[in-house]
Protein chains: 6
Amino acid sequence: MYNDLPETELRTYKSSQLCREDFDAFWEQTLLEARGAGGEVVIERVPAGLATVDVYDITFPGFGGDPIKAWLRTPKNPRRPLPAVVQYVGYGGGRGRPWENLFWASAGFAHLQMDTRGQGSGWSVGDTPDPGASGPQVPGVMTKGITNKETYYYRRLITDGVRAVDAVRTLPWIDPGRVAVTGGSQGGAIALAVGALVPDISALAVTVPFLCDFPRATVITDAYPFREIADYLSTHRQDIDTVANTLTYFDGVNFATRSRQPAYFSVALMDPITPPSTVFAAYNAYGGEKEIQVWPFNGHEAGGPDDDHFMLQFLAQQLDPSVL
Amino acid sequence: MYNDLPETELRTYKSSQLCREDFDAFWEQTLLEARGAGGEVVIERVPAGLATVDVYDITFPGFGGDPIKAWLRTPKNPRRPLPAVVQYVGYGGGRGRPWENLFWASAGFAHLQMDTRGQGSGWSVGDTPDPGASGPQVPGVMTKGITNKETYYYRRLITDGVRAVDAVRTLPWIDPGRVAVTGGSQGGAIALAVGALVPDISALAVTVPFLCDFPRATVITDAYPFREIADYLSTHRQDIDTVANTLTYFDGVNFATRSRQPAYFSVALMDPITPPSTVFAAYNAYGGEKEIQVWPFNGHEAGGPDDDHFMLQFLAQQLDPSVL
Amino acid sequence: MYNDLPETELRTYKSSQLCREDFDAFWEQTLLEARGAGGEVVIERVPAGLATVDVYDITFPGFGGDPIKAWLRTPKNPRRPLPAVVQYVGYGGGRGRPWENLFWASAGFAHLQMDTRGQGSGWSVGDTPDPGASGPQVPGVMTKGITNKETYYYRRLITDGVRAVDAVRTLPWIDPGRVAVTGGSQGGAIALAVGALVPDISALAVTVPFLCDFPRATVITDAYPFREIADYLSTHRQDIDTVANTLTYFDGVNFATRSRQPAYFSVALMDPITPPSTVFAAYNAYGGEKEIQVWPFNGHEAGGPDDDHFMLQFLAQQLDPSVL
Amino acid sequence: MYNDLPETELRTYKSSQLCREDFDAFWEQTLLEARGAGGEVVIERVPAGLATVDVYDITFPGFGGDPIKAWLRTPKNPRRPLPAVVQYVGYGGGRGRPWENLFWASAGFAHLQMDTRGQGSGWSVGDTPDPGASGPQVPGVMTKGITNKETYYYRRLITDGVRAVDAVRTLPWIDPGRVAVTGGSQGGAIALAVGALVPDISALAVTVPFLCDFPRATVITDAYPFREIADYLSTHRQDIDTVANTLTYFDGVNFATRSRQPAYFSVALMDPITPPSTVFAAYNAYGGEKEIQVWPFNGHEAGGPDDDHFMLQFLAQQLDPSVL
Amino acid sequence: MYNDLPETELRTYKSSQLCREDFDAFWEQTLLEARGAGGEVVIERVPAGLATVDVYDITFPGFGGDPIKAWLRTPKNPRRPLPAVVQYVGYGGGRGRPWENLFWASAGFAHLQMDTRGQGSGWSVGDTPDPGASGPQVPGVMTKGITNKETYYYRRLITDGVRAVDAVRTLPWIDPGRVAVTGGSQGGAIALAVGALVPDISALAVTVPFLCDFPRATVITDAYPFREIADYLSTHRQDIDTVANTLTYFDGVNFATRSRQPAYFSVALMDPITPPSTVFAAYNAYGGEKEIQVWPFNGHEAGGPDDDHFMLQFLAQQLDPSVL
Amino acid sequence: MYNDLPETELRTYKSSQLCREDFDAFWEQTLLEARGAGGEVVIERVPAGLATVDVYDITFPGFGGDPIKAWLRTPKNPRRPLPAVVQYVGYGGGRGRPWENLFWASAGFAHLQMDTRGQGSGWSVGDTPDPGASGPQVPGVMTKGITNKETYYYRRLITDGVRAVDAVRTLPWIDPGRVAVTGGSQGGAIALAVGALVPDISALAVTVPFLCDFPRATVITDAYPFREIADYLSTHRQDIDTVANTLTYFDGVNFATRSRQPAYFSVALMDPITPPSTVFAAYNAYGGEKEIQVWPFNGHEAGGPDDDHFMLQFLAQQLDPSVL
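Definitions and cut-offs
- Residues numbered from 1 in each chain as written.
- Chains lettered and ligands numbered in written order.
- Predicted model: local features only at pLDDT ≥ 70, side-chain atom pairs only at ≥ 80, totals over all residues.
- Heavy atoms only, no water.
- Least-squares fit on C-alpha atoms with pLDDT ≥ 70 in both.
- Contact = heavy atoms within 4.5 Å.
- Buried area = accessible area lost by both parts, 1.4 Å probe.
- Salt bridge = Lys/Arg side-chain N within 4 Å of Asp/Glu carboxyl O.
- Polar contact = N/O pair within 3.5 Å; in protein donor to acceptor, adjacent residues only side chain to side chain.
- Nonpolar A, V, L, I, M, F, W, Y, C, P; charged D, E, K, R; others polar.
- Helix = DSSP H or I, 4+ residues; strand = E, 2+ residues; numbered from the N terminus.
- Buried < 20%, exposed > 50% of the residue type's maximum accessible area, 1.4 Å probe, protein only.
- Pairing = 2+ DSSP bridges.
- Axes fitted to C-alpha atoms, helices over the stretch in contact; angles between N-to-C directions.
- UniProt positions renumbered as here; feature names shortened; annotations may be inferred.
- Phe/Tyr/Trp six-rings, centres within 6.5 Å; stacked < 30°, edge-to-face > 60°.
- Lys NZ or Arg CZ within 6 Å of the ring centre and 35° of its normal.

1. So, the relation of the copies chain A and chain F
Okay, so step 1: The two copies are related by a screw motion: chain A maps onto chain F through a turn of 180 degrees and a shift of 0.0 Å along the axis, at an RMSD of 0.0 Å. Such a combination of rotation and displacement between the chain copies is what one expects of a two-fold axis. Considering only C-alpha atoms, the part of chain A nearest the rotation axis is Pro139 of chain A, at 2.3 Å.
Okay, so step 2: Comparing interface residues between copies, 100% of those in chain A also lie at the interface in chain F; the contact surface is shared.

Written out as structure tokens, the structure reads:
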């Protein structure tokens with residue numbers, strides 16, 4: 001059922017989220033430090049038992065130089081540099097097993113699927129710890145270190161996402177000039193941020209992106225994980241302003257205004273987890289060429305394989321993999 | 001949590017299910033009629049946008065000659081006949097989209113994924129109607145035509161499963177001597193039945209097979225879809241014996257005793273949908289070489305990608321795809 | 001609690017549902033075929049153990065001439081032709097047992113309670129199969145054959161409803177000029193349709209009628225069975241327009257505008273299953289003399305026995321059973 | 001699903017419930033006081049709009065002489081004294097509306113349906129207050145006055161039940177020598193108690209009787225209303241023995257051992273509300289001729305209309321209404 | 001999540017509740033009778049095992065002179081008369097154990113915690129029966145005697161609340177000129193009523209007060225205990241006006257307009273049990289000096305210990321306990 | 001309801017948990033390092049607004065020397081050294097607000113309530129971060145660092161618990177020879193561990209202790225937080241043995257066998273969170289003088305204030321605060 005604004009209002013809805021003056025400086029400094037932290041990209045071939053796809057275990061330096069895991073999957077024996085799709089994972093999940101998620105490589109792309117630090121256990125498995133400290137928090141990562149933008153969990157994860165793009169560009173089979181980012185839900189949120197922070201990315205394709213329009217999202221749905229924030233504030237009542245301030249630095253709306261790449265969005269009108277107004281808040285603010293696929297009868301699964309189909313068409317058009 | 005027998009008892013548990021004298025005659029006659037009903041196998045290439053995998057839209061004659069849909073996926077341009085894996089789908093689902101489910105083809109097999117008549121809407125989409133009549137029933141297919149073995153829904157679906165094997169053997173890229181069947185839950189139940197009904201199938205690999213040990217399954221779990229039967233009998237109180245009799249012809253336990261192929265099973269000890277004792281009932285009765293993977297902390301998702309990994313190893317060993 | 005429009009807006013709410021030009025032609029043709037399909041009305045006395053009421057097992061030809069079951073209950077040994085009340089049953093149920101539902105016969109009417117093809121298992125038992133084919137569908141009947149108005153389940157059920165009236169008029173104890181139709185929820189939807197399709201019916205009395213105002217109903221409630229349609233469209237994403245088109249032929253709003261009989265409606269303001277705006281959509285569109293009973297604190301049970309009381313008064317006034 | 005003992009153990013299960021020495025004295029004294037409290041039976045014809053059944057509003061003196069309401073329904077204009085069925089109502093309900101519940105009168109019996117003091121609001125409506133005091137309690141009546149057998153709610157309700165039989169025997173159309181008691185759940189519990197306390201009742205027919213085998217019932221189910229007792233004891237931790245002692249005077253097991261009438265019982269093996277072992281505890285202890293209908297796939301609804309059918313056959317055999 | 005009016009509208013929202021002309025006369029007469037009913041205040045020292053706080057078991061005459069229990073807790077050996085805080089308890093609870101709830105006494109107040117007649121079992125234990133009769137009702141006290149203002153449960157409980165203030169003023173250690181009332185939810189509702197009915201109370205401090213704005217509260221939430229009223233009216237359909245009339249005499253909105261003391265309120269914007277508009281209805285109507293603490297991310301727990309902190313500051317300012 | 005062993009079997013139940021040879025060495029080394037990590041105890045008076053109790057904000061060095069917060073509450077102006085009760089908090093909670101939890105100080109003890117690192121947000125608020133890293137994990141702390149005993153979260157928290165005792169013994173108002181530890185659920189688990197690790201603690205009093213008998217606890221309940229472990233292992237299928245091994249070092253059963261202090265336990269027979277067999281596993285293994293209070297009708301709340309009462313009596317007897 002519909003629980004949000006009517007579609008006509010969604011089309012013009014603007015978030016009330018603020019953007020602090022030091023937003024860009026904060027992220028510039030964050031990336032500067034991360035890129036200066038050292039660490040190297042390690043590649044190791046994985047015997048996944050597949051005939052048509054090669055899989056590599058990638059370790060690259062993320063936030064603080066922490067070693068972050070990823071899978072790189074490519075069509076077997078590519079004959080020339082491939083366009084790359086960097087994919088981020090939804091909340092709770094990890095990079096999974098090498099032989100999962102064969103879509104992008106089968107479609108002719110180099111596909112880097114980044115692991116998610118400290119998650120990777122809920123619905124798909126991961127291998128990357130999060131050495132970052134946490135203050136008092138509710139279960140989950142939404143409030144981990146939330147009282148300070150420096151310590152907030154998503155500072156680390158978004159930086160990992162940027163560094164994944166840095167890493168993929170160093171790999172031998174990849175054309176560094178043709179890199180797109182993609183993801184659904186939390187993965188979409190990271191893609192949206194990375195698109196803004198790495199301007200020379202070619203394109204982005206996100207489904208039901210999370211972490212958008214916190215001022216509205218935290219009060220119009222009872223669904224987790226947005227609700228973790230309300231849970232935290234229900235006991236840390238004195239931290240409401242502090243938390244709201246932290247979140248301005250991580251809101252997809254603020255990233256969206258800074259992006260210029262062509263972008264594919266999808267949104268589901270019956271989605272309680274990333275309510276449609278929060279997705280439209282980012283979409284309507286988005287600074288580049290853009291299109292949005294509206295799924296009227298879907299929840300958070302959105303277009304599922306149909307989104308994949310549209311994203312493949314969209315990214316193929318943007319990145320031109322020879323195979324298509 | 002555990003809700004069934006302790007594992008040591010599971011290892012030796014035997015179902016109390018009966019087998020009627022005309023069980024074999026019933027199925028022999030059913031297949032005779034189906035194979036005599038005519039219809040032809042139609043193959044059409046599908047533009048799925050993939051670089052490493054070819055996808056074909058298959059239509060083959062199932063029960064009553066009804067046109068049944070399937071996807072055939074193969075590694076691109078196979079150079080010699082491929083071993084085939086015929087896969088059946090879980091309850092409520094269908095064959096999905098052409099670009100989904102690339103695992104088996106990427107691993108070097110010809111992969112025929114059969115659609116499920118009259119389902120194909122719950123979690124993956126399908127395209128095949130079920131022209132079979134239904135009596136009074138509860139929602140779902142578990143009680144569709146259940147008062148008579150001739151009209152029961154699963155007579156049609158299992159026959160489709162057999163005919164899918166018949167069909168795949170006629171296709172040009174396939175080595176008809178190396179065909180395995182696989183599936184999870186309902187898909188596993190169909191694979192188990194087809195393994196018994198088509199003795200020259202090479203192997204089978206099933207996860208948490210459904211439709212096993214009805215006498216126990218219908219009273220030890222409240223989970224759907226087994227519960228559809230209890231729901232039906234809660235109003236059709238006079239049909240208890242009739243329904244029990246019908247189900248003897250469709251119980252995986254009775255198929256398992258008739259099979260001789262090497263088989264991989266998996267079972268999950270926290271599974272309320274196909275409780276472990278019902279899976280062990282079939283496994284313990286199974287007539288061929290067999291192994292079972294026990295997942296102690298999983299529900300109905302069982303081994304997920306880890307089952308895929310083990311099944312790939314198992315079937316590769318049985319069918320020897322050149323690529324491994 | 002209230003989840004729909006305020007009552008003042010309900011009173012004037014108009015559905016946005018469309019009506020195709022061939023709506024009347026479709027139904028005219030449908031009934032022509034059904035009435036031409038042959039079959040006869042069979043009556044058999046049932047030993048129900050009752051002293052004041054006679055019960056007969058009726059079989060009559062419905063859609064496609066399919067044999068449809070019904071119970072006829074009359075006061076014992078009626079001395080002259082009785083006015084008849086034809087009742088249709090709510091979703092999932094069937095005609096039940098002969099000795100149930102004695103209200104209308106005890107009140108002096110001939111009471112024909114039609115069975116519901118392919119349902120009759122959920123909360124009351126039935127005996128009538130649905131030989132109609134189904135495409136891919138979600139559990140339940142709401143999406144059975146929904147991609148085409150010719151194959152949609154409700155085409156068959158509504159036609160059965162019309163043929164029940166045809167049948168009751170041929171029975172010896174009945175005055176064919178005094179026939180009313182009634183029902184709650186799905187039963188009310190069928191009554192509403194039959195009232196439109198059989199103009200010489202004397203009156204209708206419906207409580208919380210289902211199947212009204214699909215464009216709104218499918219998006220303002222999560223309650224089943226309306227939600228079956230959203231479930232279906234959440235995987236069959238490409239069928240949204242097709243399904244919407246089919247539903248225009250079965251929407252109670254379109255039937256209501258065609259009716260001219262006096263009608264009793266009831267609606268419950270806390271009803272999530274047939275939300276009040278969908279009922280008012282039909283009521284406000286209704287073309288005959290009408291009254292509506294609003295139950296402010298009820299859910300889908302609506303007025304229950306109090307609706308029965310009002311309906312008895314209403315139908316007694318319209319049909320004048322001698323006994324009152 | 002099954003959550004209780006296997007059926008073979010149910011058949012021989014014996015409750016551990018105690019019976020205090022003053023059990024009989026307590027009830028003798030209770031009835032003596034109630035019968036001495038005065039009050040008269042008032043009968044008023046009700047215009048229910050029915051042609052075949054007469055309905056009367058009955059008021060009779062119950063516990064403490066409190067005015068208790070009931071409906072009396074008889075076949076229209078009975079020509080001779082009728083056998084009577086006195087029916088008690090399930091938890092939360094009341095006598096409902098005059099035009100409901102026409103089964104027993106339609107079957108040729110005088111049918112007295114007693115209202116339930118202080119309930120009559122949950123699923124059917126009632127009209128009788130409970131002037132009895134209550135101590136601290138959880139919502140519902142299960143712990144109303146539970147710290148003392150004198151003040152316990154069910155002392156009053158069971159006494160009402162006895163006095164209903166006293167009352168019906170004074171009515172002009174009734175044959176006082178042919179009175180049966182019946183009811184489901186709480187109604188069955190009252191019938192069971194009344195059968196023991198009024199030895200010259202002819203028969204009893206109870207479905208899924210409640211209030212049996214408290215020592216087991218209070219710890220093997222989480223379902224209400226048995227759970228009200230656990231809820232109470234979860235805060236009134238010091239009252240466990242006191243409450244257990246009170247309940248010995250109201251346990252259906254202790255009534256059952258004292259009864260000598262022919263009795264029909266039914267039990268449902270999937271019933272969480274009156275778990276089957278608690279029903280068998282009473283059945284196995286029952287002192288008269290007895291039969292039990294086991295419903296293997298039902299919950300608390302048990303046999304529903306099929307129980308009605310069997311109860312009608314049973315009571316007709318015992319009471320011989322001329323009409324059968 | 002938010003389910004009520006936006007905060008800006010809450011700030012100016014006015015209830016549509018009516019106030020009958022005899023509202024004041026009704027309460028005047030009620031208190032006159034209660035104060036005339038006799039009974040005496042009994043004090044007994046309780047050995048609670050505490051070193052810093054004395055606890056006394058108090059029994060005082062409430063409505064009808066019924067003996068009502070309370071705990072009096074004071075700082076050990078107070079050297080001069082103490083200001084008193086009279087506290088009422090939330091729905092379902094009782095006065096608990098002597099050694100619970102030490103906040104107010106530890107803060108230097110005499111703290112009288114009144115028991116709640118006929119409740120005291122749900123989450124904290126109580127000892128006070130409710131001898132008042134009840135008509136048909138749903139479980140809980142919300143509909144106990146609701147068809148008449150004279151018999152309604154809350155007439156008795158509010159009167160107890162007034163008499164608790166009368167009683168505390170007679171105790172030796174207390175300064176009768178410095179008495180405040182407090183409570184959360186139902187306790188807040190009683191405090192609100194007592195504040196209006198005992199004008200010389202010094203102050204009141206209420207959190208999320210219940211029983212406010214019935215016309216809105218009964219239709220905008222499904223949460224209990226407000227929902228008990230809708231449950232009752234869903235079967236007692238004919239009593240809607242009667243019940244609405246009774247409730248006008250007990251609505252916190254009508255008490256609030258009559259109060260003149262300084263008051264602290266708190267409200268939680270995510271509270272489904274006492275929805276924020278119902279609290280603001282009382283707050284906006286309140287006739288004295290007032291302040292309200294809004295908790296944006298809390299449900300019915302509201303400010304919890306943070307409300308305690310603010311209430312202590314507020315009442316200390318109003319009552320000046322020497323200790324602060 | 002009961003979901004575990006019968007009480008007679010609980011009384012003799014023994015866990016199958018293993019104890020590794022290096023258990024004692026592991027903890028000895030852990031405490032050695034923690035005590036060698038430096039850091040000092042900081043005390044700051046808190047203006048809590050209380051007249052009878054003094055509250056101090058304590059910071060002490062925990063695991064790794066991390067600063068851990070606590071509240072110290074004492075009776076106002078104690079005239080001689082007080083016995084101390086160190087309390088640990090249940091899962092998700094923190095030390096709360098200064099003016100909460102006044103029971104132990106009001107009873108004459110010095111009461112140190114330790115904060116819980118990285119929790120303190122769920123139901124009571126906290127102030128202590130957890131700088132410890134986490135690997136992939138499910139939400140909550142149960143699987144934080146679980147693949148290695150060195151990195152497991154509870155290594156840090158238990159060490160904090162030991163260091164809290166070290167800290168409290170340095171405070172001026174405290175008699176270091178009379179220190180007890182207490183807590184419920186997770187708090188009870190920490191107390192149990194600390195009792196074993198600090199042999200000269202005088203006594204312990206634990207209610208429904210958590211973290212006991214992991215081999216059984218992880219498979220007999222679906223309730224969180226034990227279920228976090230099953231959730232983790234449902235994706236990290238290859239880590240089952242590793243995790244089981246880690247848990248042997250943290251199982252309350254293994255701590256219990258090492259303790260020699262007098263101990264009070266309580267257990268609730270309807271507790272799904274710490275099922276009674278897991279509590280009895282620790283109790284039956286406990287090496288000191290012991291008593292257990294069994295609450296037959298309680299869930300995880302166990303004895304609540306009644307446990308407090310018994311614990312106060314027990315600890316007063318052991319520690320002799322002058323005030324009793």
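2. A few points about the interface of chain A and chain F
Okay, so step 1: At the interface, 29 residues of chain A touch 30 residues of chain F.
Okay, so step 2: Taken together, both faces of the contact between chain A and chain F bury some 1,800 Å²; the carbon and sulfur share is 50%.
Okay, so step 3: Looking only at chain A, the three residues that lose the most surface to chain F are Ser121, Pro136 and Thr235 of chain A, adding up to 27% of its buried area.
Okay, so step 4: Our count for the contact surface shared by chain A and chain F stands at zero salt bridges.
Okay, so step 5: Linking chain A to chain F there are 12 residue pairs in polar contact (both at pLDDT 80 or more).
Okay, so step 6: Residues of the side of chain A that touches chain F, tallied by class, amount to nine nonpolar, 15 polar and five charged.

3. Some words on the environment of Val267 of chain F
All names here are of chain F.
Okay, so step 1: By the element assignment, Val267 lies in strand β8 (residues 263-268).
Okay, so step 2: For Val267, a relative accessible area of 0% gives the class buried.
Okay, so step 3: In this structure, the C-alpha to C-alpha distance between Val267 and Ile292, residues 25 residues apart in sequence, is 7.3 Å.
Okay, so step 4: With near-sequence residues (within four places) excluded, Val267 lies in contact with Val208, Pro276, Val279, Phe280, Ile292, Gln293, Val294 and Trp295.

4. Quick notes on the interface of chain D and chain C
Okay, so step 1: At the interface, 22 residues of chain D touch 22 residues of chain C.
Okay, so step 2: Interface of chain D and chain C: buried area, both sides summed, is about 1,800 Å²; carbon and sulfur atoms make up 65% of it.
Okay, so step 3: Contact with chain C buries area across many residues of chain D, yet Thr52, Trp99 and Ser106 of chain D alone supply 31% of it, more than any other trio.
Okay, so step 4: At the junction of chain D and chain C, the tally comes to two salt bridges.
Okay, so step 5: Linking Arg97 of chain C and Asp306 of chain D is a salt bridge whose minimum nitrogen-to-oxygen distance equals 2.8 Å.
Okay, so step 6: Applying the counting rule to chain D against chain C returns eight residue pairs in polar contact (both at pLDDT 80 or more).
Okay, so step 7: Broken down by secondary-structure element, the contributors of at least two residues to the side of chain D that touches chain C are α3 (103-106) and α11 (305-319) of chain D.
Okay, so step 8: Per-element tally for the side of chain D that touches chain C: the top contributor is α11 of chain D, with five residues.
Okay, so step 9: Class assignment of the residues belonging to the side of chain D that touches chain C gives a composition of 13 nonpolar, five polar and four charged.

5. Here we look at the arrangement of the chains
Okay, so step 1: Taking C-alpha atoms only, the smallest gap left between chain A and chain D, which are not in contact, amounts to 27 Å.
Okay, so step 2: In this structure chain C stays clear of chain F, and the shortest span between their C-alpha atoms is 27 Å.

6. Regarding the sheet that holds strand β4 (residues 82-88) of chain A
Residues and elements named next belong to chain A.
Okay, so step 1: One open sheet accounts for nine strands, arranged β1-β2-β3-β5-β4-β6-β7-β8-β9; its pairing is mixed. Each having just a single partner strand, β1 (42-46) and β9 (290-295) make up the two edges of the open sheet. On average, adjacent strands in this sheet sit at an angle of 20 degrees to one another, irrespective of strand direction.
Okay, so step 2: Sheet analysis places strand β3 (residues 67-75) next to strand β5 (residues 110-114), joined by four bridges and oriented antiparallel. Directly across from Leu72, in β5, lies its bridge partner Leu112.

7. What to know about the UniProt feature "domain: Acetyl xylan esterase" (unreviewed entry) in chain A
Okay, so step 1: Cross-referencing UniProt, the feature "domain: Acetyl xylan esterase" (unreviewed entry) maps to residues 3-316 of chain A in the present numbering.
Okay, so step 2: Secondary structure content for residues 3-316 of chain A is 32% helix and 20% strand, while the C-alpha to C-alpha distance between its ends is 35 Å.

8. Notes on the relation of the copies chain D and chain C
Each of the two chain copies goes to the other by way of a rotation about an axis and a shift along it.
Okay, so step 1: In the superposition of chain D on chain C (RMSD 0.0 Å, axial shift 0.0 Å), the rotation amounts to 180 degrees.
Okay, so step 2: Looking at the interface residues of chain D, 100% of them are also at the interface in chain C, so both copies use one shared face.

9. Brief notes about the packing of aromatic side chains
Okay, so step 1: Scanning the entire structure with this criterion turns up 126 aromatic pairs over all chains.
Okay, so step 2: Between Phe23 of chain B and Tyr249 of chain B, the aromatic rings sit 6.3 Å apart at their centres with planes inclined by 5 degrees, giving stacked as the arrangement. In this pair, Phe23 of chain B sits in helix α2 (residues 23-35) while Tyr249 of chain B sits in the loop between α8 (240-248) and α9 (252-256), placing the two residues 226 residues apart along the sequence.
Okay, so step 3: By relative accessible area, which is 1% here, Phe23 of chain B ends up buried.
Okay, so step 4: With relative accessibility at 4%, the residue Tyr249 of chain B sits in the buried group.
Okay, so step 5: Through a chain of ring-to-ring contacts, three or more aromatic side chains come together here, namely Phe23, Phe26, Trp27, Tyr152, Tyr153, Tyr154, Tyr249, Phe250 and Phe255 of chain A.
Okay, so step 6: Here the guanidinium or amino end of Lys290 of chain C rests over the ring plane of Tyr283 of chain C, the centre of that ring lying 5.0 Å away.

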